[in-house]
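Architecture at a glance
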Amino acid sequence: MCATCGCGKLDEPAGTRISAPAGAVTHEHAHPHEHGHDHDHGHEHEHGHGHGHAHGHDHAPTETVTLEQKILAKNDRLAQGNREWLTTRGIAALNLMSSPGSGKTTLLERTVRELQTTCPVAVIEGDQETLLDADRIEATGCAVVQINTGSGCHLDAEMMRGALDVLGPADESLVFVENVGNLVCPALFDLGEQGKVVLISVTEGDDKPLKYPHIFAVADLVIVNKIDLLPYVDFDPDVCERNARSVNPDVRVINLSATSGEGLERWYGWVSDRRKG
C-alpha cells in the first residue's frame with residue numbers, strides 16, 4: 001500500500017488539490033459534515049501518502065506494518081462518517097476503479113448525459129494532475145469537482161469528504177467517483193461509497209482478475225468495456241467472468257460498450273438498484 005509503494009515520498013508534499021471547473025458547482029456554500037477532521041499535527045501525521053513515518057531512525061518492517069494499520073484504521077473511521085452523511089441524505093455514491101485507458105470517463109460522460117434527466121447527478125474526478133476529465137464531465141452540464149492527488153495513486157476517505165463539502169450534492173442524488181487509474185491501492189481505501197465498480201476493457205486481457213485479485217475481491221460489480229472491439233482482440237468474456245468469480249464468487253459482471261451503447265441498460269439497472277438499496 002502507499003507506505004511502501006512509493007506514491008508519496010517523505011521529502012515532498014502530498015500535493016492534493018480539490019477544485020472545480022468554472023461553473024461546475026452550482027451551490028454557493030459548503031455543506032460541512034457532522035464528524036470531525038481527525039488530523040494529527042505532530043510529526044506522525046497519519047496521511048495515506050507516507051507522512052506518518054517518524055524521522056531519524058531505520059524503518060523496520062514491523063514499523064511499516066504498524067503505520068499501514070494506523071492509516072487504514074483512520075481511513076475506515078472517516079469512511080464510516082462519509083457513509084452516514086450520504087445515507088442520511090439518501091445519496092448513493094459509486095466508486096469507479098480501473099487501470100488507465102479502460103474507458104471510465106467515456107462511460108461516465110454517457111451515463112451522466114442519460115441519467116441526469118431522471119435524477120440529480122454529480123461527479124468527483126480523481127487524477128494525479130490536470131482538470132481534463134473534469135472538463136469533459138462539466139460539458140455534460142453535471143456538477144463536478146476534481147481531486148488532484150499529486151504523487152498519490154488513489155483517493156481516500158478524507159479526500160472524498162473534502163470533495164463532498166465543495167460539491168454539496170443534492171439530497172436523493174447520485175454521485176459517481178472516478179478514482180485514480182490504478183488497480184492496486186484504490187482497493188484498500190474505503191471512501192464511504194455505496195458500491196464499488198471495477199472496469200476493465202477487452203484490450204487489457206481476460207486474466208486481469210487473476211493478476212489483480214484484491215480489487216476484484218472488493219468489487220460489487222465488474223464492467224467489461226469496449227466489447228465492440230471483441231472481433232479484433234484476443235479476449236474471452238466467459239473466461240474473464242470465470243476468473244473474476246474465482247476471487248469473488250458473488251460479483252456481478254456486465255459486458256458493455258460505452259461507445260456503441262450495447263449493454264448500457266444493464267448498467268443503468270444496476271445503478272438504479274443501488275439507489276433504491
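No experiment lies behind these values; they were computed from the predicted model shown.

**Quick look at the overall build of the protein**
Tallying secondary structure elements over the protein gives 9 helices and 8 strands in all. Residues classed as buried in the protein amount to 52% of the 277 residues present. Contacts in the protein between residues far apart in sequence, at least 24 positions, make up 78% of those at least 6 positions apart.

**Some details on the nonpolar core**
Residues Leu 174, Phe 176 and Trp 267 are the most contacted members of the largest nonpolar core, which totals 28 residues. Where this core is concerned, the elements lending two or more residues are β2 (92–98), α3 (104–115), β3 (121–127), α4 (132–138), β5 (174–178), β6 (195–201), β7 (221–225) and α9 (264–276). Take this core: its biggest share by element is 5 residues, from α9. When sequence neighbours within four positions are dropped, the list of residues in contact with Leu 174 reads Ala 92, Leu 94, Leu 115, Cys 119, Pro 120, Val 121, Ala 122, Val 271 and Arg 275.

**With respect to the pairing of strand β4 (residues 143–148)**
In regular strands, side chains alternate between the two faces of the sheet. With respect to burial, β4 is a largely interior element, 6 of its 6 residues being buried. Covered by surrounding structure in β4 are Ala 143, Val 145 and Ile 147 together with Val 144, Gln 146 and Asn 148, the residues of both alternating faces. For the handedness criterion, the β-α-β arrangement of β3, α4 and β4 is classed as right-handed.

**Points about unusual backbone geometry**
For Glu 172, which is not glycine, the phi torsion reads 60° and is therefore positive. Phi is positive for Lys 226, close to 70°, though the residue is something other than glycine.

**Some words on the environment of Arg 110**
Within the fold, Arg 110 resides in helix α3. Take Arg 110: its relative accessible area is 25%, and that puts it in the partly exposed class. When near neighbours in sequence (up to four residues on either side) are disregarded, Arg 110 contacts Ala 258, Thr 259, Ser 260, Gly 261, Leu 264 and Tyr 268. From its side chain, Arg 110 meets the backbone oxygen of Ala 258 in a polar contact 3.3 Å long.

**Some points on the pattern of salt bridges**
Per the counting criterion, the structure on display carries 12 salt bridges. Linking Glu 114 and Arg 110 is a salt bridge whose minimum nitrogen-to-oxygen distance equals 3.0 Å. Residue Glu 114 and its partner Arg 110 are located together in helix α3, separated by 4 residues, close to a single helical turn. What makes Glu 114 partly exposed here is its relative accessible area of 37%. Glu 158 is the salt-bridge partner of Arg 161, the closest N and O atoms lying 3.6 Å from each other. With a gap of 3 residues between them, Arg 161 and Glu 158 both fall in helix α5 (residues 157–167), about one helical turn apart. Here Arg 161 matches Glu 158 in class, with each residue buried. Bridged by salt links that share partners, the residues Arg 83, Asp 190, Glu 193 and Lys 196 form one connected network.

**Here's the deal with the pairing of β7**
The buried fraction of β7 amounts to 5 of the 5 residues, a majority that puts the element mostly inside the structure. Of the two faces of β7, the one holding Leu 221, Ile 223 and Asn 225 and the one holding Val 222 and Val 224 are both buried throughout. As defined by bridge partners, β6 adjoins β7 across 5 bridges and the pair is classed as parallel. When the sheet's bridge partners are listed, Ser 201 is paired in β7 with Asn 225. Sheet topology note: the β7/strand β8 (residues 252–255) ladder contains 4 bridges and is parallel. When the bridges of β8 are listed, Val 224 appears paired with Asn 255.

**What about the confidence of the model for the protein?**
Residues at a pLDDT of 70 or more form 80% of the protein, whose mean pLDDT is 84. Predicted confidence is poor over residues 9–13, with pLDDT under 50, and the contacts of this stretch with residues over four places away or in other chains come to 9 contacts.

**Some remarks on the packing of α3 against α9**
Two elements in contact, α3 and α9, have axes separated by 12 Å at closest approach and are oriented at 70°. In terms of orientation, α3 lies roughly perpendicular with respect to α9. In terms of crossing hand, the pair formed by α3 and α9 is right-handed. Between α3 and α9, the contacting residues are Leu 107, Arg 110, Thr 111, Glu 114 and Leu 115 on the first element and Leu 264, Trp 267, Tyr 268 and Val 271 on the second. When grouped by side-chain class, the residues that make up the contact of α3 with α9 number 6 nonpolar, 1 polar and 2 charged.

**Some details on α9**
The end-to-end C-alpha separation of α9 is 19 Å, in line with the 18 Å expected for 13 residues at 1.5 Å each. For α9, every residue scored as buried is listed here: Leu 264, Trp 267, Tyr 268, Trp 270 and Val 271. Along the long axis of α9, the arc covered by the buried residues comes to 155°, so they all point the same way. Summarising the geometry of α9, the exposed residues directed more than 90 degrees from the buried face are Glu 265 and Lys 276.

Reading the values: rules and limits
Residues numbered from 1 in each chain as written. Predicted model: local features only at pLDDT ≥ 70, side-chain atom pairs only at ≥ 80, totals over all residues. Heavy atoms only, no water. Helix = DSSP H or I, 4+ residues; strand = E, 2+ residues; numbered from the N terminus. Buried < 20%, exposed > 50% of the residue type's maximum accessible area, 1.4 Å probe, protein only. Contact = heavy atoms within 4.5 Å. Core = buried A, V, L, I, M, F, W, Y, C linked by side-chain atoms within 4.5 Å. Right-handed = clockwise from strand over helix to strand, strands pointing away. Polar contact = N/O pair within 3.5 Å; in protein donor to acceptor, adjacent residues only side chain to side chain. Salt bridge = Lys/Arg side-chain N within 4 Å of Asp/Glu carboxyl O. Pairing = 2+ DSSP bridges. pLDDT = per-residue confidence, 0-100. Axes fitted to C-alpha atoms, helices over the stretch in contact; angles between N-to-C directions. Parallel < 35°, antiparallel > 145°, perpendicular 65-115°, else oblique. Left-handed = near helix turned anticlockwise from the far one by under 90°. Nonpolar A, V, L, I, M, F, W, Y, C, P; charged D, E, K, R; others polar. Expected span 1.5 Å × (residues − 1). Arc of directions from axis to C-beta.

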